[in-house]
Structure formats: C-alpha cells, structure tokens
Amino acid sequence: MRKNYEQQRSIGSIPISEVKIPLKSRDELPPILRALQYIFITPALKEQVFEILKSKVLKGKKKTGRYGMGLWEIFVLSVVRLGLDANYDRLEDFANYHKLIRQIMGVDTPFGEGKSYSYQSIKDNVSLLDEETLGEINEIVVSSGHRLLKKKEGIEVKADTYVLETNVRFPTDLNLLWEAGRKCVDAIEYFRDKGFLRGKGWRKHKFWKRELKNLMRSSSRAAFGGGKNKEATTKRRIEEYLCHAGKLSEKVAASVLELYEEALLREPIDLKYVSPLKSLEYFHKMLDKHVDLVERRLLQGERIPSGEKVHSLFEPHTEWLSKGKANKRVELGHNILVASDQWGFIVYHKVVEKEADVSLALPLADALLGRYGEEGIASISFDKGFYKKENKDLLKLYIPQVVMPKKGKKNREEEAEESSRAFKKLRHRHSAVESDINRLEHHGLDRCPDKGLFAYKRYCALGIVAANLHKLGNVLKDQAIKKQEKLPKAA
C-alpha cells in the first residue's frame with residue numbers, strides 16, 4: 001500500500017523541515033520548493049493535502065505489500081514538472097539527481113544512490129491526479145497565501161480568457177486525409193505482424209503509404225501554388241489522390257471484416273487486440289470522411305459547415321479559435337478562463353468547451369460567491385468580450401463593483417458610469433490579468449503535450465497549482481528576507 005511519504009529516514013539524511021532553500025536564487029525552482037516545504041511543515045495544510053491525495057490515488061485500492069511511489073513524491077514531481085515546464089525525460093533526471101528536489105521529496109541519502117525512479121514509473125504516477133483533485137489542492141494553496149498576506153479586504157477579481165494550444169500541427173483536408181490513410185496502413189501492418197490477419201493483399205503496404213503521401217504532396221502544391229492551368233492541374237491531382245484513397249478505403253474495409261471474422265473464431269477473444277481494432281475503425285471512418293470533405297470542398301467548391309470539420313485526428317476535441325491577434329490569427333486548442341486576485345493568485349480557472357466569453361461571467365461569479373461569500377469579493381472586472389447587460393445587472397446585486405465595459409455606443413448613464421474614477425481605476429488594474437496569463441504560459445500552459453481531453457484538463461489544473469505555489473513561495477521568501485534583515489548583524 002502506498003505511504004504518504006518516506007517516514008523512515010536513512011542515517012545522515014536531512015528532514016524535510018530542515019532543508020535549506022536559497023533566498024538569493026532567481027530561478028523558478030526555489031520558490032516552488034519553499035512553498036512545498038511550507039505545506040509539509042504546517043500540520044493543518046499537510047493533513048488537508050494528504051486527505052485529498054488519498055481520496056483520489058488510494059480510492060478502491062487493496063492493501064498489498066507493494067508500496068509504490070509515495071503520495072508526497074507524486075505531488076512534488078507533478079508540481080516540478082509544470083513549474084519548470086519540463087518534459088518527462090528532464091523530470092526523471094530531476095527525480096534521480098537533483099539534490100534539493102530529492103531532499104524536499106524526503107528520499108535524499110548522503111551515502112549511496114538511495115531511491116531511484118524510472119521514466120515510466122514517473123509518468124504513470126504523475127498521471128494519477130485529475131482536474132478535480134488538483135482544483136481542491138489549489139483552493140488550499142490560495143487560502144494559505146491569503147492568510148500569510150494577512151489582508152482583510154475583499155479580493156479584486158480580474159477575469160479573462162486565453163488559448164492553451166493542443167500539440168497538433170496546422171490542419172488541411174489534404175494532410176488529414178493522408179494521416180488517416182497512414183494510420184490505417186500502420187494498423188493493418190500491426191495485425192499482420194501479430195498473425196491476426198491472414199488474408200492476402202497487403203504485401204505492398206509500403207507502396208500504399210508512399211503513393212498516398214506523394215499524391216498528397218502533389219495535390220497540395222497544385223492547390224496552394226501557382227503556375228499555368230492551375231485549376232485544371234489541381235482538379236486532376238486531387239482526383240488522382242481521391243481515387244487512390246478510395247481504393248485504400250475499400251481494402252481496409254475488407255480487412256476490418258476479416259479481422260472480425262478471425263476474432264469470432266478465437267475463443268476467448270484476446271483483449272489486447274480490442275484497442276488496436278477500435279483504432280483501425282476510427283481511422284478508417286476518418287479516411288472516408290476526409291475523402292468526402294476533400295471532394296466537396298476542393299472539387300465541388302462547397303463551403304463546409306464548422307460542425308463537420310475535424311482539426312486533428314489525434315486530438316479530436318481541438319477547437320479552431322481566432323482571438324484577433326496580429327501575430328496569431330488562428331490558434332488550435334481551447335479557451336481557458338482565468339480569474340486572478342490583486343496579489344496574483346489564480347483563484348479560479350476553467351477549460352472552456354465551445355462557449356463564448358459572454359456566457360462565462362455568471363458561472364464564474366457563482367463559483368466565487370460560493371467560495372468567498374458576498375463580503376469576500378470587493379470587485380470583479382472583465383473586458384468587452386464578456387459584456388451582456390442582463391449579466392451585468394445581475395452581478396451588481398451581489399458584488400459592489402462590476403467592471404464590464406460595453407461594446408459599441410453607450411447611453412448617457414453608461415457613459416457616466418464608465419467615466420467615473422472608481423470604474424477607471426479598476427479597469428486600469430484589470431490589465432494585470434494579462435501578466436498573470438503570461439506567467440501561466442511560462443509555467444507550461446502555452447501548449448499541452450498530453451494526449452486526450454481528460455489529460456488536457458489535468459495538465460491545465462496542474463499548471464495553475466504550480467503557478468500558485470510559485471507565488472506562495474515568493475511570499476514566503478519575502479517574509480524570510482525581512483526576518484533575516486531584522487536579525488542583529490554579527491560584529
């Protein structure tokens with residue numbers, strides 16, 4: 001059964017509470033480790049965090065003699081990964097060879113190598129946390145930061161959205177068709193190698209991929225390039241491409257049928273073939289879909305509705321987003337709603353799925369009022385993209401100051417409100433949320449390398465926790481420096 005942390009220390013090892021973290025370092029790691037140390041040595045915070053981790057990681061698990069990675073080790077490595085925007089290879093190096101991180105984890109030994117971690121073990125254990133669990137821990141981090149600052153006034157909330165990109169390349173119908181065909185042939189090759197597909201017809205599987213790729217490239221050059229008789233050349237190239245893709249689809253359909261017949265003959269059905277077979281069916285479906293889309297859009301000139309488009313075969317949840325930026329006209333991912341307070345803590349976040357900014361204001365206010373109460377929120381500010389008169393009027397009933405600039409022409413009353421000193425002051429302060437968003441992007445929340453929507457949400461939540469721990473660590477660092485300055489100087 002997993003332990004909370006390694007309680008049996010080796011001879012000469014330093015307790016986590018006595019680990020010395022540098023005050024003068026400008027690196028991002030020391031503040032994060034200082035915040036983690038503070039949580040560990042504060043009994044109330046430590047108990048709360050471990051209860052949350054236990055309820056998630058140990059839920060439904062039987063007590064066995066296999067301990068596995070400790071809960072504290074999982075949490076520390078998860079936070080360090082996002083805090084330093086590290087991949088799993090770099091995280092493995094940190095876990096095994098970085099003395100300060102190993103001291104905070106409680107596994108550093110002065111004699112010998114001590115406990116070591118493999119790449120796969122780190123990846124599997126860090127992935128055990130989910131968005132909900134990390135959200136609960138984030139509330140604890142933020143509330144502890146507020147207590148340290150000893151600020152009694154209500155929080156000033158600033159909210160905005162930005163795009164956390166998925167790890168996909170820019171899509172076109174032509175290259176999506178190629179990717180679908182390529183993955184179909186790869187799956188067929190897998191089944192042939194395992195002896196699960198005995199039929200003939202795939203001896204030249206490398207030819208099918210090579211020819212499909214060559215036709216994709218020639219079609220792309222014709223469609224997006226120039227030259228004489230462009231329209232006729234483009235049509236001919238795309239027709240050849242679609243013809244080859246159609247023949248490939250027919251061969252794949254026949255092989256899928258054969259695979260099902262072979263599976264029925266085998267008793268019991270080998271479960272390790274279920275997932276590859278589902279994958280083959282998915283990519284075959286995408287192959288047929290993009291044959292249809294390419295023909296309709298490029299040959300028939302039809303305008304494809306947004307709901308029919310797929311922007312990535314591997315991350316189908318990806319959205320096509322245009323925020324009006326000069327340097328990035330289109331971004332592929334999801335909008336992230338971020339709400340920060342006047343001290344820079346991220347008090348709320350949400351992964352937005354196919355919702356406009358205007359629909360996010362009320363759920364945000366409802367969540368914050370439920371957490372802090374009406375007296376706990378002094379103001380809330382948005383930009384023009386969130387404006388809706390009904391929402392603004394409703395928010396004013398519960399929050400003293402609501403900054404939600406109107407789009408377009410204003411009447412006399414609205415002009416007077418937005419010209420007032422209090423409104424202007426809060427509107428100018430609202431720009432601080434852009435700084436907080438930039439900080440999140442430096443904590444790994446610019447592009448998500450993890451696969452799938454569940455992992456995407458977990459990655460986002462982990463980035464928020466890492467950013468708030470960094471902020472908490474800086475608060476602790478400032479207090480430690482002030483305390484050190486008050487000490488009498490040695491003669």
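Everything below is about the structure shown above.
Structure report, in brief.

### Quick word on the overall build of the protein chain
Here is step 1: Each helix and strand counted, the protein chain has 17 helices and seven strands in total.
Here is step 2: Among the 491 residues that make up the protein chain, the fraction classed as buried is 48%.
Here is step 3: Taken as a whole, the protein chain presents about 26400 Å² of accessible surface, with 50% of it coming from carbon and sulfur.

### Quick notes on the packing of helix α4 (residues 88-97) against helix α6 (residues 119-126)
Here is step 1: For the pair α4 and α6, interaxial distance at closest approach is 9 Å and the crossing angle is 105 degrees. In terms of axis orientation, α4 runs roughly perpendicular to α6. Taking contact as the criterion, the partners of Tyr88, Asp89, Leu91, Glu92 and Ala95 in α4 are, on α6, Tyr119, Ile122, Lys123 and Val126.
Here is step 2: When grouped by side-chain class, the residues that make up the contact of α4 with α6 number six nonpolar, no polar and three charged.

### Thoughts on the packing of aromatic side chains
Here is step 1: This structure, assessed with the given rule, holds ten aromatic pairs.
Here is step 2: With centroids separated by 6.1 Å and ring planes inclined at 70 degrees, the aromatic side chains of Phe207 and Trp208 adopt a geometry described as edge-to-face.
Here is step 3: Aromatic side chains Tyr282 and Phe283 sit 5.0 Å apart centroid to centroid with 65 degrees between the ring planes, which places their arrangement in the edge-to-face category.
Here is step 4: Through a chain of ring-to-ring contacts, three or more aromatic side chains come together here, namely Phe40, Phe50, Trp72 and Phe75.
Here is step 5: In this structure, Lys46 is placed above the aromatic ring of Phe40, and the distance from its NZ or CZ to the ring centre is 4.1 Å.
Here is step 6: Lying across the ring of Trp202, Lys251 places its NZ or CZ 4.8 Å from the centre.

### What to know about the pattern of salt bridges
Here is step 1: Taken as a whole and judged by the stated rule, the model has 22 salt bridges.
Here is step 2: Close ionic contact of Asp292 with Arg296 constitutes a salt bridge, the shortest N to O distance being 3.0 Å. Note that Asp292 and Arg296 are positioned in helix α11 (residues 274-299) at a spacing of four residues, about one turn of the helix.
Here is step 3: A residue is classified by how much of its surface remains accessible, and Asp292, at 35% relative accessible area, is partly exposed.

### Side note on the nonpolar core
Within soluble globular proteins, side chains that are nonpolar tend to cluster in buried spots.
Here is step 1: Membership of the largest hydrophobic core comes to 96 residues, with the highest contact counts inside it found for Phe75 and Leu469.
Here is step 2: With 13 residues, helix α17 (residues 453-486) is the single largest residue contributor to this core.
Here is step 3: Filtering out sequence-adjacent residues up to four positions away, Phe75 remains in contact with Leu36, Val49, Leu53, Ile137, Val465 and Leu469.

### Structural notes on a nonpolar patch on the surface
Here is step 1: Together, Leu394, Leu397 and Tyr398 give the surface a local cluster of nonpolar side chains, amounting to about 300 Å² of exposed area.
Here is step 2: Overall, Leu394 belongs to the partly exposed group, its relative accessible area being 37%.

### Points about the pairing of strand β3 (residues 331-340)
Here is step 1: In terms of burial, β3 is largely enclosed, as ten of its ten residues are buried.
Here is step 2: Bridge count for strand β1 (residues 155-166) against β3 is eight bridges, and the pairing is antiparallel. By the bridge assignment, Leu164 is partnered in β3 with His334.
Here is step 3: With six bridges connecting them, β3 and strand β4 (residues 346-352) associate as antiparallel partners. Bridge pairing in β4 places Ala339 opposite Tyr348.
Here is step 4: Hairpin connection, β3 to β4: the antiparallel pair is bridged by five residues, and Gly344 has positive phi, about 95 degrees.

Conventions and cut-offs
- Residues numbered from 1 in each chain as written.
- Predicted model: local features only at pLDDT ≥ 70, side-chain atom pairs only at ≥ 80, totals over all residues.
- Heavy atoms only, no water.
- Helix = DSSP H or I, 4+ residues; strand = E, 2+ residues; numbered from the N terminus.
- Buried < 20%, exposed > 50% of the residue type's maximum accessible area, 1.4 Å probe, protein only.
- Areas by Shrake-Rupley, 256 points an atom, 1.4 Å probe, with all protein chains shown as cover.
- Axes fitted to C-alpha atoms, helices over the stretch in contact; angles between N-to-C directions.
- Parallel < 35°, antiparallel > 145°, perpendicular 65-115°, else oblique.
- Contact = heavy atoms within 4.5 Å.
- Nonpolar A, V, L, I, M, F, W, Y, C, P; charged D, E, K, R; others polar.
- Phe/Tyr/Trp six-rings, centres within 6.5 Å; stacked < 30°, edge-to-face > 60°.
- Lys NZ or Arg CZ within 6 Å of the ring centre and 35° of its normal.
- Salt bridge = Lys/Arg side-chain N within 4 Å of Asp/Glu carboxyl O.
- Core = buried A, V, L, I, M, F, W, Y, C linked by side-chain atoms within 4.5 Å.
- Patch = residues over 30% accessible without salt bridge, like charges linked within 9 Å, V, L, I, M, F, W, Y side chains within 5 Å.
- Pairing = 2+ DSSP bridges.

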